[in-house]
Amino acid sequence: MFSPGGDPGDAVPVNLCSFGRMGLIAFGLAWVIPSPSLPAQQPHQAVDSTAESARPNVFWDCRGPNCNDQYYRTEINWVNWIRVPEESEIHVITTSQSTGTGGREYQLDFIGRGISEGLTDQLRIQTLPTDTQREQLDTVTHALSLGLARFALSAGYRGLTRVEGLGVRADTPEGLVTNEQVDDPWNLWSFRINANSEIEGEEKERTLELRGNLFASRVTPTWKLNFSAGVDLEDLEIERNDGTVFEEHVVEWDFDPLVVYSVAEHWSVGFRGRSGRERGQNRELFIEFTPALEYSFFPYDEATRRSLTFFYTIGPSYFRYYERTIEDETAETLVEQSFSVDFSQRQPWGDASVRLQYEGFLHDFGKYRIDARGNLRFRITRGLSVNARANAAWVQNQIYLSAAGVTDEEALLDLRRRATSFEYGGQIGFSIQFGSIYNNIVNNRFPGGGGFGGRFF
């Protein structure tokens, strides 16, 4: 049992056993996966446990999977959850990325404000691809609780909580377990199969869809191998006003391999392939094989917080078309190239991402596509934030278009692509939060039926 100061009788327990199997895994990984230590500094004076501010103010900044704030606020009730970062003493930024087996690795960055200014800490935790949502939530909750307890202790808070069940902690050696240290009959390979069906209809319209996907991957510090294959069957029937029936029966498939080799700290090489059938783009068969090169300006292990990469591919592509194209081709082999620059950043003020991409054919530099897109979420001042996204594309590479054109039904149902020279889209909005800054109380009656951002999980 561990208690960060104070009377254990007054502390709120953080019981390892209450989190179940994944709680124990979370605790083990929180110790095993290396993370930056709290900086050496003068000890903070203990906070008066009888004062109104006896609990640290915490602002939780999370986007993506398992950002269920009601769950965390219910399970961790010994801090003050704050709606605005300006009033917090602990700002927690939570990011995540996929692991090689299909699970997720979460990174929790703790940033001090106010009396905790200058304190920083970081924890990383992993969930398994076979975990239920509850197990994933418990894993992240446990890591968040441990991190907050450690941070609050360093900030001078006492008597807030205690950790029980340390006696069941596994004797795990320092560092990550490698493939050579375990008997893995799968040799780090992971597989996943998905299948679903959907049917909708009414008196004069019917839609039936069947989909199936297979994923295989193997990820090591040096190699990254991903393979995906899928098939999509769609059957559509719509009765016109004159009694005739519009029918569309589509069978599409795809196979996409990806092989990446880590050359150096900032360099990666490999190849990316694509093959399949796309009725909407008049492609009865396409096969693409493109060697690729990537350079990361920042270390790859910082990707969840900041990333700036340059990506280049070049290689041959074969196309066979359902119908003769506008360039009088039924099949052709061309060489394509593409390069892109991607930037993303996640900071206490918000997050932003920008992507610029060029795609073109080497036989005719006039056949190209340029895409630009960006996202921004920015806190202007206390309680006021803006969000915006925009995308634009200059399109000159639609060599696949059918010379016969597109019928009105196909255009209205978005079954075939039509000629265009540009695409665009955008969104902008803002959010104002005022009133009480405290966000501790959770009332789960009538989920989604009131309050700000009511959700049902």
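The preceding data block contains the structure.
Residues numbered from 1 in each chain as written. Predicted model: local features only at pLDDT ≥ 70, side-chain atom pairs only at ≥ 80, totals over all residues. Heavy atoms only, no water.

### Considering the pairing of strand β11 (residues 245-262)
Judged from the 17 bridges that link them, strand β10 (residues 223-239) and β11 form a sheet pairing that is antiparallel. In the sheet register, Asp235 faces β11, and the bridge partner there is His249. From the end of β10 to the start of β11, which pair antiparallel, there are five residues, and Gly243 there has a positive phi angle of about 95°. As paired strands, β11 and strand β12 (residues 267-278) are joined by eight bridges and run antiparallel to one another. In the strand pairing of β12, Val259 is matched with Phe271. From the end of β11 to the start of β12, which pair antiparallel, there are four residues. (Pairing = 2+ DSSP bridges. Helix = DSSP H or I, 4+ residues; strand = E, 2+ residues; numbered from the N terminus.)

### A few points about the sheet that holds strand β16 (residues 350-361)
Here we have twelve strands laid out as an open sheet, ordered β8-β9-β10-β11-β12-β13-β14-β15-β16-β17-β18-β19, and antiparallel in their pairing. Because the sheet does not close on itself, it has two edges, and the strands there are β8 (189-202) and β19 (422-432). Strand-to-strand twist across the sheet, computed as the mean angle between neighbouring axes with direction ignored, equals 10°. (Axes fitted to C-alpha atoms, helices over the stretch in contact; angles between N-to-C directions.)

### Notes on the sheet that holds strand β5 (residues 104-112)
The five strands are arranged β3-β2-β4-β5-β6 in an open sheet whose pairing can be described as mixed. Taken across any chain shown, the strands that pair with only one partner, and hence form the sheet edges, are β3 (80-81) and β6 (120-127). Direction of pairing for strand β2 (residues 57-62) relative to β3: parallel, over a ladder of two bridges. Across the sheet, Val58 pairs through a bridge with Trp81, a residue of β3. Across the sheet, helix α3 (residues 133-154) touches β2, β3, β4 (90-98), β5 and β6, and the angle it forms with β6 is around 160°. (Contact = heavy atoms within 4.5 Å.)

### Re the pattern of salt bridges
Pairs can form between side chains of opposite charge once their charged atoms are near each other. Tallying each qualifying case throughout the model produces 21 salt bridges. The salt bridge involving Asp232 is made with Arg211; its shortest N-O contact spans 3.6 Å. In this pair, Asp232 is assigned in strand β10 and Arg211 in strand β9 (residues 205-219), connecting sequence segments 21 residues apart. Residue classification places Arg211 among the partly exposed positions, given a relative accessible area of 30%. A salt bridge links Glu278 to Arg283, with the nearest nitrogen and oxygen atoms 3.7 Å apart. For Arg283, a relative accessible area of 10% gives the class buried. Each of Arg274, Glu278, Arg283 and Glu288 takes part in salt bridges that share partners, so that together they form one network. (Salt bridge = Lys/Arg side-chain N within 4 Å of Asp/Glu carboxyl O. Buried < 20%, exposed > 50% of the residue type's maximum accessible area, 1.4 Å probe, protein only.)

### Description of unusual backbone geometry
Despite not being glycine, Asn282 shows a phi value in the positive range, around 60°. Mapping Asn282 onto the fold places it in the loop between β12 and β13 (283-296). On the basis of relative accessibility, which here comes to 5%, the residue Asn282 falls in the buried class. One non-glycine residue, Asp328, adopts positive backbone phi at about 65°. Tracing the chain through its elements places Asp328 in the loop between β14 (306-321) and β15 (331-347).

### A word on the nonpolar core
Among the nonpolar cores identified, the biggest contains 29 residues, and Trp60, Trp78, Trp81, Val92, Phe110, Leu144 and Leu148 are the most heavily contacted of them. Looking at this core, the elements that each hand over two or more residues are β2, α2 (69-75), β4, β5, β6 and α3. For this core, the leading source of residues is α3, giving eight residues. If you look at the next biggest cluster of nonpolar residues, it comprises eight residues, including Phe286, Leu334, Ile399 and Tyr400. (Core = buried A, V, L, I, M, F, W, Y, C linked by side-chain atoms within 4.5 Å.)

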